[in-house]
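Chains, contacts and geometry: an overview
One-letter residues, chain by chain:
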Protein chains: 4
Amino acid sequence: PRAREAGIAPGIYQPGTHNAITDVSGVQVGHVTITAEDNVRTGVTAILPHTGNLYQDKVPAGFSQGNGYGKMMGTTQVIELGEIETPILLTNTLSVPEAAAGVIEWTLAQPGNEAVRSVNAVVGETNDGRINNIRLRAVRPQHALAAIEAAGPGPVEEGSIGAGMGTVSFGWKGGIGTSSRVLPQEAGGFTVGVLVQTNYGGELTIMGTPVRRQDLQVPGDPLAVATSPDGSVMIIIATDAPLSDRNLERLAARSFLGIARTGSVMSNGSGDYALAFSTATSVRRTITRREQLHTLQDWPNEHMTPLFQSVVEATEEAVYNALFKASNVDGISAGQYPAIPVDGVLQLLGYPATGP
Amino acid sequence: PRAREAGIAPGIYQPGTHNAITDVSGVQVGHVTITAEDNVRTGVTAILPHTGNLYQDKVPAGFSQGNGYGKMMGTTQVIELGEIETPILLTNTLSVPEAAAGVIEWTLAQPGNEAVRSVNAVVGETNDGRINNIRLRAVRPQHALAAIEAAGPGPVEEGSIGAGMGTVSFGWKGGIGTSSRVLPQEAGGFTVGVLVQTNYGGELTIMGTPVRRQDLQVPGDPLAVATSPDGSVMIIIATDAPLSDRNLERLAARSFLGIARTGSVMSNGSGDYALAFSTATSVRRTITRREQLHTLQDWPNEHMTPLFQSVVEATEEAVYNALFKASNVDGISAGQYPAIPVDGVLQLLGYPATGP
Amino acid sequence: PRAREAGIAPGIYQPGTHNAITDVSGVQVGHVTITAEDNVRTGVTAILPHTGNLYQDKVPAGFSQGNGYGKMMGTTQVIELGEIETPILLTNTLSVPEAAAGVIEWTLAQPGNEAVRSVNAVVGETNDGRINNIRLRAVRPQHALAAIEAAGPGPVEEGSIGAGMGTVSFGWKGGIGTSSRVLPQEAGGFTVGVLVQTNYGGELTIMGTPVRRQDLQVPGDPLAVATSPDGSVMIIIATDAPLSDRNLERLAARSFLGIARTGSVMSNGSGDYALAFSTATSVRRTITRREQLHTLQDWPNEHMTPLFQSVVEATEEAVYNALFKASNVDGISAGQYPAIPVDGVLQLLGYPATGP
Amino acid sequence: PRAREAGIAPGIYQPGTHNAITDVSGVQVGHVTITAEDNVRTGVTAILPHTGNLYQDKVPAGFSQGNGYGKMMGTTQVIELGEIETPILLTNTLSVPEAAAGVIEWTLAQPGNEAVRSVNAVVGETNDGRINNIRLRAVRPQHALAAIEAAGPGPVEEGSIGAGMGTVSFGWKGGIGTSSRVLPQEAGGFTVGVLVQTNYGGELTIMGTPVRRQDLQVPGDPLAVATSPDGSVMIIIATDAPLSDRNLERLAARSFLGIARTGSVMSNGSGDYALAFSTATSVRRTITRREQLHTLQDWPNEHMTPLFQSVVEATEEAVYNALFKASNVDGISAGQYPAIPVDGVLQLLGYPATGP
């Protein structure tokens, strides 16, 4: 089940319709999962900020680096110009180039982009090398194109899928998770959506309670027990609030506080990155706005706190969803990375068990 | 009681002798509390990295800005040169200049500093204006000098004292708190100590459990109920691990994950700053080392994670200590900021009550 | 003479009416020069972004740190919130606290600020200890107040005045300098003004030509010859272009390119800081804008380059003005820091000499 | 001719044997130039910090972003860990993924790297789309491999070669340039080498003198005249000084001051990045050092200024070399980007002409 279906509902705000990043209107998500011989178990996940021409109508964006042991691409231009001009792709560590090639080719090929000669592909990754034969670099540019083309609105598939196919989190099978929050009208009424690719570790806590492996009824698995706090987490954040790139950067930085609540200390070997963008058309960087003096909307500093609260909550819940929706997956050498036993977790937390 | 005396012991590592920043050998702490007519209730707290000439024998240091709605002084030089050359002082928002003047005068007056013409005073603050008549700016340079002179090793007084005299945290009386961790020998055997000045808020969680005001038996207090997530937290971190300034900066950044575990989302109006330094003589920037090619020790990136874990744990516990050791203090207009009722908290958490 | 009066006119754009930071409408500058026994020769310079209530109607701002061996105060909040809420003060290294105290007291005392309990004083400095008995810390808060009160529009006094009283630059007497540029209408028609406090060194070049001491006819002065590349430069930038805080930060960063053209390599011991703000009312952070969803104007990334060019040119020229308008001033021990001999410079450059 | 052969010798320090980045012992450079039908004129340049296993024996490194309108890859890990673990590659904007793929494949294939599952490829670029049909994305991973394999010590080919094949600078043909400086023994005796890929513009100045197109005798070329300040410059810096990653970052930041001296204002559309590394074995991050407490050497902050001076000078001269060694190359549509007429420049500067 998803965490909320199991009764796990962190925070004080309510989620949106799908409790997903796609609750932010216009945002689309697509997955391509790649499995093949020789232990190829990897994939690509694409997040599209809006359904128009992303290159011509850029979205303001902010980036935050929790811990930089990672290979994320496209960050320097986001920092400088405060904007994103492509789909955002997630994949495995050694396949960032191929995913980026796919983003570039897709962008060059979009109608209206015939004269484009510069593309800032934004690609994040985590290292799925415990499950995927990562040195084979199985992802090709067409997988990236396929993930972009597969993107759609509505419910988002979670767990061992797309860029989450081969990830491991706290020694359990990790994956893709998502969640959202809708602010009350008096706080602006905005929606904040989060999607995570979880491959990190630490001392797992769920709703503040330590969840140790020895406290759960799991069939012994030497691979999974020999886990490490290293890994990585990619956090993609969408909102319809009309924020400046500076406030989007601050929003991105808060997501690591949600990660902290799950037990991470952003270990040395972890690539922990967050990227936030606004879908509000009143701040969209259209051709017209990019070429002349223009007006835009701005939500003030003074009212950012509820948005910060939202992103922390949604990040925490997205991580739980990634864990709860994951499936048992084999490791590259032997044994399996099991999904966390949800009923065991609920028992540990003193929550009612879920149904059969 | 301190949190640990009440059975609250976050994390996986053990504290040092005093469970205080002073467990890092050589570190000293001093407080001056200032109360006077017209609701003056404020103070100064000084942290000395070592007992020698701090200006001549500088300590490597790293700085991290969680949220910058604050007036901390001295940060740019720490960022550039990776070192601290004075005591670190904490006080209230509008008294940073006077505390800095005290640091400068003290430094100029130290034997051996007769030719010094440049001093980078490091002074942090939180806004105690809910309890202290802050616009009177009651702190004078001599208070800063007195706090430095009062500094000593051993147990550290916590709660409503020094720079914590007038702070408020989660609607309760905040203050100064401290804690430490000692790593196992196989993780390096180092000590990490943390001291916090808590004036921030959010949705308080203790050991992961939400602690709402309505769940505690508190005599109604209109002032305290009308709280806000704004405020600030200053976090000072000491370690005897021989770290580079880069790794000290990373260590500082982790402390906000400990703050996150107490329920903060680093609200817009919060000045959340962390400063970490190393006391290891093998990295100390002595006159000799600063004047010529030299050797120093370095603890590698690959083994930083236990230190990150330690700082997160010690920060969380230091916040609990600040809350648990605080006293009821009057607000500037009417009513009181009460100390959090520890037994009520323990009951809520399902922990045994503390003794009489 | 000012540089331009001597025929020295760097760059491709034209200056404004006064060729000063005050060409940006509403900007005011005030100086207080302090001389006393025991070699006290120092001062304070104040720059006011507009003539209204600066705290209530904040200006967007960006900060850049060229080299951080300096004690500038107020930077973290500018970075986080992208705004300035006080006059900007310049003084000497060891008097930053007193200048900051003056800024805070002035702000608290302004009509409309009766409830203000938090003030982010922005104070920069350079080290005038070669000329001023800096350890006496002669600046008092009332000097800061006086500099603010002295501020006015129109021509700005340059050279050995205010915060430039005791500065040294390239071994010559330095000081305050200012310059401006007005963009052509097709580039937006905006004004950019720069004010510098020059206390830095290096291998002086003027209009690209190396200007070595041995090439100038100067009465030998052992003090001045024994110069060092260390020092510092503070650069304050005003513009009426409606820029985001991000683009103001980029504008600030460009000013160091102007400094580079004068021969600096931003030496280790230099505190090189730039601060840029916009006076455009269409981006001013009024009470109304700070409390609700609002609209503001924005000048796009794509058209920033002429503004960058302007700030580089005006910074270069402001430095020449600081040098050319300085007076001979005694050093603290013996000898004098002479003003650069302008006619010698012109002869070296092959320019016509100035009149008598 | 190279600039120095033409009498153009900026700065106060002397170059090394080859006046090239390869004067830093162990550094190797390799080029692959790619030309084909349909106006393919591009390439790859590889810089190898040492001749051993770069992944196992990493070099400390620092990164600086002058202006981030660029797609450089690998920066976040350099910032976090302060080290480089691969060859550094330069290519065109849209071919970063293919160059990165080559770096990853080469690294995975090196003896000793059989277990490597994470590689941080460092790839920079400039946009050669004025000369190269960049949308064809002609660079393949094998070109990157070939550039790495082609790397060698000694003199470095400059101008329209490798990643400089299709670049344009100040409206003239740009390219690859390199230069070095050797410090006097009393300043440490270290070598600093710089390699640039110049594709940027502005108001060209050479040795401080404006060099305008209309002042040079050039066959009229409509393409070249219609130039823009946009473009980009990549700056790679090597030194044998045993520097911390923090001081390498500071060194990198200074290179933009050298760029400033050539007339750049780091225009909005420019991707201006600098990367500095140390080859000193006393700071190399060997397997042993990365796994345990270790000692390393450190050159102190206080003596960094001559290194800063060196990098500014060598960057300026490397740019002149890129211009002076470039060849006339056709643009993609019509006309040519001519090499700058060296004799015309010398005449403008009042220098003796070079021989026939």
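Predicted, not measured: the structure shown is a model, and the values here were computed from it.

Below, the discussion takes up the environment of methionine 234 of chain B. Residue and element names in this part refer to chain B. Looking at the element boundaries, methionine 234 is found in strand 13 (residues 231-239). According to the relative accessible area criterion, methionine 234 is buried, its value standing at 1%. Taking the C-alpha atoms as reference points, methionine 234 and glutamate 98, separated by 136 residues in sequence, lie 18 Å from one another. Those residues in contact with methionine 234 that sit more than four places away from it in its chain are Met72, Leu90, Gly124, Glu125, Thr126, Leu195, Val196, Gln197 and Tyr273.

Glancing now at the relation of the copies chain B and chain C. Each copy of the sequence occupies a distinct position, and chain B is placed on chain C by a rotation of 180° and an axial shift of 0.0 Å, giving an RMSD of 0.0 Å. Those values place the two copies in the arrangement expected of a two-fold rotation axis. When C-alpha positions in chain B are compared against the rotation axis, the closest is assigned to proline 97 of chain B, at 2.1 Å. Looking at the interface residues of chain B, 98% of them are also at the interface in chain C, so both copies use one shared face.

A word on the sheet that holds strand 10 (residues 191-198) of chain C. Residues and elements named next belong to chain C. Spatially, 6 strands are ordered 4-3-14-13-10-9 in an open sheet, and the strand pairing comes out mixed. On the outer flanks of this sheet lie strand 4 (83-84) and strand 9 (176-182), each paired with one strand and no other. Note that strand 10 and strand 13 (residues 231-239) share 7 bridges and pair antiparallel. Directly across from valine 194, in strand 13, lies its bridge partner isoleucine 237.

All chains considered together, the criterion is met by 12 aromatic pairs over all chains. Judged by centre distance (5.9 Å) and plane angle (20°), the ring pair of phenylalanine 63 of chain B and tyrosine 273 of chain B falls under stacked. Here tyrosine 273 of chain B lies in strand 14 (residues 270-278) and phenylalanine 63 of chain B lies in strand 3 (residues 59-68), a separation of 210 residues in the sequence. A ring pair is formed by phenylalanine 170 of chain C and tyrosine 200 of chain C, whose centres lie 5.0 Å apart and whose planes are at 70°; its orientation type is edge-to-face. In this pair, phenylalanine 170 of chain C sits in the loop between strand 7 (168-169) and strand 8 (172-173) while tyrosine 200 of chain C sits in the loop between strand 10 and strand 11 (205-206), placing the two residues 30 residues apart along the sequence. In this pair, the class of phenylalanine 170 of chain C matches that of tyrosine 200 of chain C, namely buried. Over the ring of tryptophan 172 of chain A we find arginine 213 of chain A, and its NZ or CZ is 3.8 Å from the ring centre.

This brings us to the interface of chain B and chain C. Counting residues at the interface gives 43 residues for chain B and 42 residues for chain C. Summed over both partners, the interface of chain B with chain C comes to about 3300 Å²; 50% of that surface belongs to carbon and sulfur atoms. By the criterion of area lost to chain C, the three top residues of chain B are Thr76, Arg117 and Arg135 of chain B, representing 22% of everything that side buries. A salt bridge links glutamate 105 of chain C to arginine 137 of chain B, with the nearest nitrogen and oxygen atoms 2.5 Å apart. Inspection of the chain B/chain C interface yields 32 residue pairs in polar contact (both at pLDDT 80 or more). Broken down by secondary-structure element, the contributors of at least two residues to the side of chain B that touches chain C are strand 3, helix 1 (75-81) and helix 2 (96-109) of chain B. The element contributing the most residues to the side of chain B that touches chain C is helix 2 of chain B, with 8 residues. A breakdown of the residues in the side of chain B that touches chain C according to their chemical character gives 19 nonpolar, 14 polar and 10 charged.

The rules behind the values
- Residues numbered from 1 in each chain as written.
- Chains lettered and ligands numbered in written order.
- Predicted model: local features only at pLDDT ≥ 70, side-chain atom pairs only at ≥ 80, totals over all residues.
- Heavy atoms only, no water.
- Helix = DSSP H or I, 4+ residues; strand = E, 2+ residues; numbered from the N terminus.
- Buried < 20%, exposed > 50% of the residue type's maximum accessible area, 1.4 Å probe, protein only.
- Contact = heavy atoms within 4.5 Å.
- Least-squares fit on C-alpha atoms with pLDDT ≥ 70 in both.
- Pairing = 2+ DSSP bridges.
- Phe/Tyr/Trp six-rings, centres within 6.5 Å; stacked < 30°, edge-to-face > 60°.
- Lys NZ or Arg CZ within 6 Å of the ring centre and 35° of its normal.
- Buried area = accessible area lost by both parts, 1.4 Å probe.
- Salt bridge = Lys/Arg side-chain N within 4 Å of Asp/Glu carboxyl O.
- Polar contact = N/O pair within 3.5 Å; in protein donor to acceptor, adjacent residues only side chain to side chain.
- Nonpolar A, V, L, I, M, F, W, Y, C, P; charged D, E, K, R; others polar.

Honestly, it's all geometry; don't read function into it.
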